[in-house]
Amino acid sequence: MLIFSILLVLILGLSIGSFINCFVWRLHAQKRVDGRSMCPKCKVQIDWYDNVPVLSYVWLKARCRHCKKSISWQYPVVELATGALFVLFFLLRHDHIFLNYNAVAFVALFRDFFIIAVLVVIFIYDLKYYLILDKVTLPAIVLIFGLNLLTGASWSGMLISAIIGGSFFLIQFIVSSGRWIGGGDIRLGFLMGMILGWPNILAALFISYILGSIIGVALISMKKKKMDSEVPFGVFLTFSTVITMLWGSELINWYVGLLY
Ligand SMILES: [Zn+2]
């Protein structure tokens, strides 16, 4: 039963990952999200048997069947990452769902899947285009607020941690007159607070700054980036949000243990 469920969740995650690839491409190309998938290079529609997550990439040997141009490795990587995250979150919650047939745990799992999808979209879009889109973050804030309410989270607690997350970036935005970070980071900070709550929002901000500094220093020393070049900070923020969703409480307990 468990193996079967894991397989089902994996297939769901791979498919959502495939949808995310398509969604990000259409967001950037300003196209509506409907109709069939097509090759971004020759625009020929992709048949269903060439549109199977990961497997198609392998059996087409990373080339489009029609124009023979290469398919980006982004496609299978995003599919695999989304699939793996779905399975990971399912494993964390399946006890509550199966042992107690608990509806709230089921909603919480669905909310986690939705959050992962949103974060993966923001991650890729910021990595590729150096932009965090409001038309992704703002609807996500509203929907996650609603889903969290269904799982019994307090609306005031969510609002407070969201305001803390947003203000953290708002202050830097004001101090630097918008040079260090963009307005999209403020909205993402708000979304992170909504997702994580207090005090986990602090852990996520802390992790993303450490991660950002390490990778920033590494890139500068490899002379890939200049000191003042743009940093896609949404990449670090979304990554640390997932880490905090998974292990935030353990991290905070460990850190508090260091202090006392
Ligand atoms: Zn093609």
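Here the structure is a predicted model, which means the values were calculated and not measured. Within each chain, residues carry numbers counting from 1 in the order of the written sequence. Two thresholds apply to this predicted model, a pLDDT of at least 70 for residue-level local features and 80 or more for giving and counting side-chain atom pairs, whereas whole-chain, interface and lining totals are computed over all residues.

(A) Seen up close, the overall build of the protein. Here a strand is any run of E in DSSP of at least two residues, a helix any run of H or I of at least four, and the numbering for each starts at the N terminus. Looking only at helices and strands, the protein features nine helices and zero strands. By principal-axis analysis of the C-alpha atoms, the protein measures approximately 60 × 55 × 35 Å. Buried means a residue has 20 or more other C-beta atoms within 10 Å of its own C-beta, exposed means 12 or fewer, and partly exposed covers the counts in between; C-beta atoms are placed from the backbone. Across the 260 residues in the protein, those meeting the buried criterion constitute 33%. Placing C-beta atoms from the backbone, we regard two residues as in contact once those atoms come within 7 Å. Here the contacts in the protein between residues at least 6 apart in sequence split such that 71% fall between residues at least 24 apart.

(B) Inspection of unusual backbone geometry at higher detail. The omega torsion across Trp198 and Pro199 is 0 degrees, close enough to zero to call that bond cis. Positive phi outside glycine occurs at Val54, with the angle close to 60 degrees. Accessibility expressed as a C-beta count within 10 Å gives 15 for Val54, which makes it partly exposed. With a phi close to 65 degrees, Lys68 is a non-glycine residue in the positive phi region. With respect to the helices and strands, Lys68 occurs in the loop between helix H2 (55-59) and helix H3 (74-100). Overall, Lys68 belongs to the exposed group, with 11 C-beta atoms counted inside 10 Å.

(C) Up close: the domain arrangement of the protein. Domain extents, as shown, originate in an automatic or database domain assignment. You can read the domains of the protein as domain 1 (1-101) and domain 2 (114-260). A C-alpha centroid distance of 25 Å is found between domain 1 and domain 2. Of all the secondary structure elements, the ones that give two or more residues to the side of domain 1 that touches domain 2 are helix H1 (2-29) and H3. Its residues assigned to classes, the side of domain 1 that touches domain 2 shows ten nonpolar, two polar and no charged. The nonpolar class holds Ala, Val, Leu, Ile, Met, Phe, Trp, Tyr, Cys and Pro. Asp, Glu, Lys and Arg form the charged class, and all remaining residues, Gly among them, are polar.

(D) Representation of the packing of helix H8 (residues 200-221) against helix H9 (residues 233-259) within the structure. With axes taken as lines fitted to C-alpha atoms, and helix axes fitted only over the stretch in contact, angles between N-to-C directions fall between 0 and 180 degrees. Remark: H8 packs on H9, axes separated minimally by 7 Å, with the N-to-C direction vectors making an angle of 130 degrees. It follows that H8 is oblique to H9 by the angle criterion. H9 is crossed by H8, and the crossing has right-handed handedness. Across the interface between the two elements, Asn200, Ala203, Ala204, Ile207, Ser208, Leu211 and Gly212 of H8 pack against Phe233, Phe236, Leu237, Phe239, Ser240, Thr241, Ile243, Thr244, Gly248, Leu251 and Ile252 of H9. Looking at the contact of H8 with H9 residue by residue, the classes come out as eleven nonpolar, seven polar and no charged. Small angles under 35 degrees read as roughly parallel and large ones over 145 as roughly antiparallel, with 65 to 115 read as roughly perpendicular and the rest as oblique. In this scheme, a crossing is called left-handed if the near helix is turned counterclockwise away from the far one by less than a right angle; it is called right-handed if the turn is clockwise.

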